[in-house]
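Residues per chain, in single letters:
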Amino acid sequence: MASILEKHDSEIYELIVKEESRQNGSIRLIPSENYVSKAVMSATGSILTNKYSEGYPGRRYYEGQQITDIVETTAQERAKKLFGVEHVNVQPYSGSIANLGAYLALVEPGETIMGLALPDGGHLTHGWKVSTTGKIFNSVQYSVNPETGRFDFDKIAELAKKHKPKIIITGASAHPREIDFEKFGEIAKDVGAYHIADIAHIAGLVAGGVHKDPVPYSDIVTTTTHKTLRGPRGAMILCKEELAKQVDKSIFPGLQGGPHMHTISAIAVALGEASKPAFKEYARQIIKNAKVLAERLLEHGFELVSGGTDNHLILIDLRNKEIPSKKLSKALDKAKIVTNCNSIPNDPASPFNPSGLRLGTPAITTRGMKEEQAKQIADYINQVTENIDNESVIETVAKEVSELCAQFPVADYFVA
Ligand code: DSN
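Residues numbered from 1 in each chain as written. Predicted model: local features only at pLDDT ≥ 70, side-chain atom pairs only at ≥ 80, totals over all residues. Heavy atoms only, no water.

Topic: the overall build of the protein chain
Move 1: Of regular secondary structure, the protein chain possesses 16 helices and 15 strands.
Move 2: What you see for the protein chain is a C-alpha radius of gyration of 21 Å, in line with the 22 Å of a compact globule of 416 residues.
Move 3: Referenced to the eigenvectors of the C-alpha coordinate spread, the extents of the protein chain come out at roughly 60 × 60 × 35 Å.
Move 4: Here the protein chain, with 416 residues, has 56% of them falling under the buried criterion.
Move 5: Put simply, of all contacts in the protein chain between residues at least 6 apart along the chain, 72% involve residues at least 24 apart.
Move 6: Charge separation in the protein chain, taken as the distance between the mean sites of 47 positive and 51 negative side-chain charges, equals 2 Å. (Helix = DSSP H or I, 4+ residues; strand = E, 2+ residues; numbered from the N terminus. Rg over C-alpha atoms; globule rule 2.2 N^0.38 Å. Buried < 20%, exposed > 50% of the residue type's maximum accessible area, 1.4 Å probe, protein only. Contact = heavy atoms within 4.5 Å. Lys, Arg positive; Asp, Glu negative; His and termini not counted. Charge placed at Lys NZ, Arg CZ, Asp CG, Glu CD.)

Side note on the site of the ligand
Move 1: Around the ligand sit Ser32, His123, Ser173, His201, Lys227 and Arg358, and that is every residue in its neighbourhood.
Move 2: Within the side chain of His123, an N or O atom sits 2.9 Å from an oxygen atom of the ligand.
Move 3: Between an oxygen atom of the ligand and a side-chain N or O atom of His201, the distance comes to 2.7 Å. (Near = heavy atom within 4 Å. Polar contact = N/O pair within 3.5 Å; in protein donor to acceptor, adjacent residues only side chain to side chain.)

Things to note about the pattern of salt bridges
Move 1: According to the stated counting rule, one finds 17 salt bridges in the structure shown.
Move 2: Here Glu33 ties to Arg28 by a salt bridge, and the two come within 3.2 Å at their closest N and O atoms.
Move 3: Classification of Glu33 by relative accessible area gives partly exposed; the value is 27%.
Move 4: A salt bridge links Asp219 to Lys240, with the shortest nitrogen-to-oxygen separation between them at 3.7 Å. Placement of the pair is Asp219 in the loop between α9 (203–207) and β9 (220–224) and Lys240 in the loop between β10 (235–239) and α10 (241–251), with a sequence separation of 21 residues.
Move 5: Overall, the relative accessible area of 33% leaves Lys240 in the partly exposed class.
Move 6: When salt bridges that share partners are traced, they join Arg60, Asp69 and Glu72 into one network. (Salt bridge = Lys/Arg side-chain N within 4 Å of Asp/Glu carboxyl O.)

Some points on the packing of helix α13 (residues 325–334) against helix α15 (residues 371–386)
Move 1: The interhelical angle for the contact between α13 and α15, taken along N-to-C directions, is 120 degrees, at an axis separation of 10 Å. By the angle class used here, α13 and α15 are oblique. In this structure, the crossing between α13 and α15 has a hand that is right-handed. Contacts between α13 and α15 involve Leu328, Ala331 and Leu332 from the former and Ile381, Val384 and Thr385 from the latter.
Move 2: Within the contact of α13 with α15, the residues separate by chemical class into five nonpolar, one polar and no charged. (Axes fitted to C-alpha atoms, helices over the stretch in contact; angles between N-to-C directions. Parallel < 35°, antiparallel > 145°, perpendicular 65-115°, else oblique. Left-handed = near helix turned anticlockwise from the far one by under 90°. Nonpolar A, V, L, I, M, F, W, Y, C, P; charged D, E, K, R; others polar.)

Re the packing of aromatic side chains
Move 1: All chains considered together, the criterion is met by ten aromatic pairs.
Move 2: Relative to Phe252, the ring of Tyr61 has its centre 5.7 Å away and its plane inclined at 65 degrees; by these criteria the two rings are edge-to-face. With a gap of 191 residues between them, Tyr61 in the loop between β3 (59–60) and α4 (66–83) and Phe252 in the loop between α10 and α11 (261–274) connect regions that are remote in the sequence.
Move 3: Overall, Tyr61 belongs to the exposed group, its relative accessible area being 61%. (Phe/Tyr/Trp six-rings, centres within 6.5 Å; stacked < 30°, edge-to-face > 60°.)

Focus on a nonpolar patch on the surface
Move 1: On the surface, a cluster of nonpolar side chains totalling about 240 Å² of accessible area is made up of Ile12, Leu15 and Ile16.
Move 2: Locating Ile16 in the fold gives a position in helix α2 (residues 10–24). (Patch = residues over 30% accessible without salt bridge, like charges linked within 9 Å, V, L, I, M, F, W, Y side chains within 5 Å. Areas by Shrake-Rupley, 256 points an atom, 1.4 Å probe, with all protein chains shown as cover.)

Some words on the packing of helix α7 (residues 153–163) against helix α8 (residues 181–190)
Move 1: Contact pair α7 / α8: the axes reach a minimum separation of 9 Å and the direction vectors enclose 25 degrees. It follows from the interaxial angle that α7 and α8 lie roughly parallel. The hand of the α7/α8 crossing is right-handed. Taking contact as the criterion, the partners of Phe153, Ile156, Ala157 and Ala160 in α7 are, on α8, Lys183, Phe184 and Ile187.
Move 2: Its residues assigned to classes, the contact of α7 with α8 comprises six nonpolar, no polar and one charged.

Description of the side chain of Ser329
Move 1: Counting through the fold element by element, Ser329 comes out in helix α13.
Move 2: Non-local contacts of Ser329, meaning those with residues more than four positions away in its chain, are made with Thr339, Cys341 and Leu357.

Notes on the sheet that holds strand β14 (residues 340–342)
Move 1: Here we have four strands laid out as an open sheet, ordered β11-β12-β15-β14, and antiparallel in their pairing. Each edge of the open sheet is held by one strand with a lone partner, namely β11 (303–304) and β14.
Move 2: Along the sheet, helix α12 (residues 277–299) contacts β11, β12 (313–317) and β15 (356–360); its crossing angle with β12, the most-contacted strand, is approximately 15 degrees. (Pairing = 2+ DSSP bridges.)

Below, the structure is given as structure tokens:
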């Protein structure tokens, strides 16, 4: 496939090869990123991209659905089994659409929803003011305790009682601790709200049995498929049978046209991979690596939001280091360590140059790195931080990172 692209469009081919080399030659710590298997990549790039399939299996608007119906049903069945749910919609193009679709399946625009504020680790689509979800709904935002970085359930319950939201959204993009979906479920029940759990970041941890399961405590679960779950860029909505019709209608025809069958087939492949015992081990190792990375960073004097991690993610509070996070993330990028700046709870700084740096271990764990390498990575991060203006130290770290990456090769998934 690669050689066809090389002959047909060498400009794009070369860019993809360069990006592959960048991904393989760097320590990728952005917690929402991963490396998919060759099999997932192959399904994503398959001829299924040629097909339109508006509707759902057995009820399509165009003909020629003999195979696509089976592909979609297979993805649904695998997801139902893996997450133990009654109904799954595998069509959302992204997590943002999955979330909007889930809200609109349950409530009308103008009604009240309540989600975690973006600077406190929430997601734009949990009702943050610049997102459509913060504009078309009456959005109330809850926070974490800025001192502890943890949820204060009494305060959240009080806020829910005051505003009586129709939906409470849980889940996060930058929360380093296990989320107690049961407690959130109780708060929602007490005020008569639906509980939607967005498990985009932790879906692989839930599937691997190393994070509390949201399914028994929520009405709808949304997730992307490409983070810890290690599938293609896509999303799913999981729910009880009684909500199936309204969820499906909300996605198609409510928000989308034809589903992306190539993506859906790759989701099926990823779900198959996630149901294997090796995936459970992968999920366990993600957390072990994150814990060691966090402990070593603490030893180097870094402050971490909530003091550590229970999951795949670490949020460094850089204020004591007095280094702008953008400066550090750029220096780390030069050293081939790829992270992202992130707001921290109660952040005094701007969202484009906030006070936090977000790290995660899903991608390094996929390439086989373990505790020893996680510790070494913390040492590199410290070395760059301590020598932020010293180009030669940064170059030395970059060389060492290249050598480390060479010892943990990523499967040659494109240039085959
Ligand atoms: N952009 C994703 C992340 O990095 O967490 C969330 O959608």
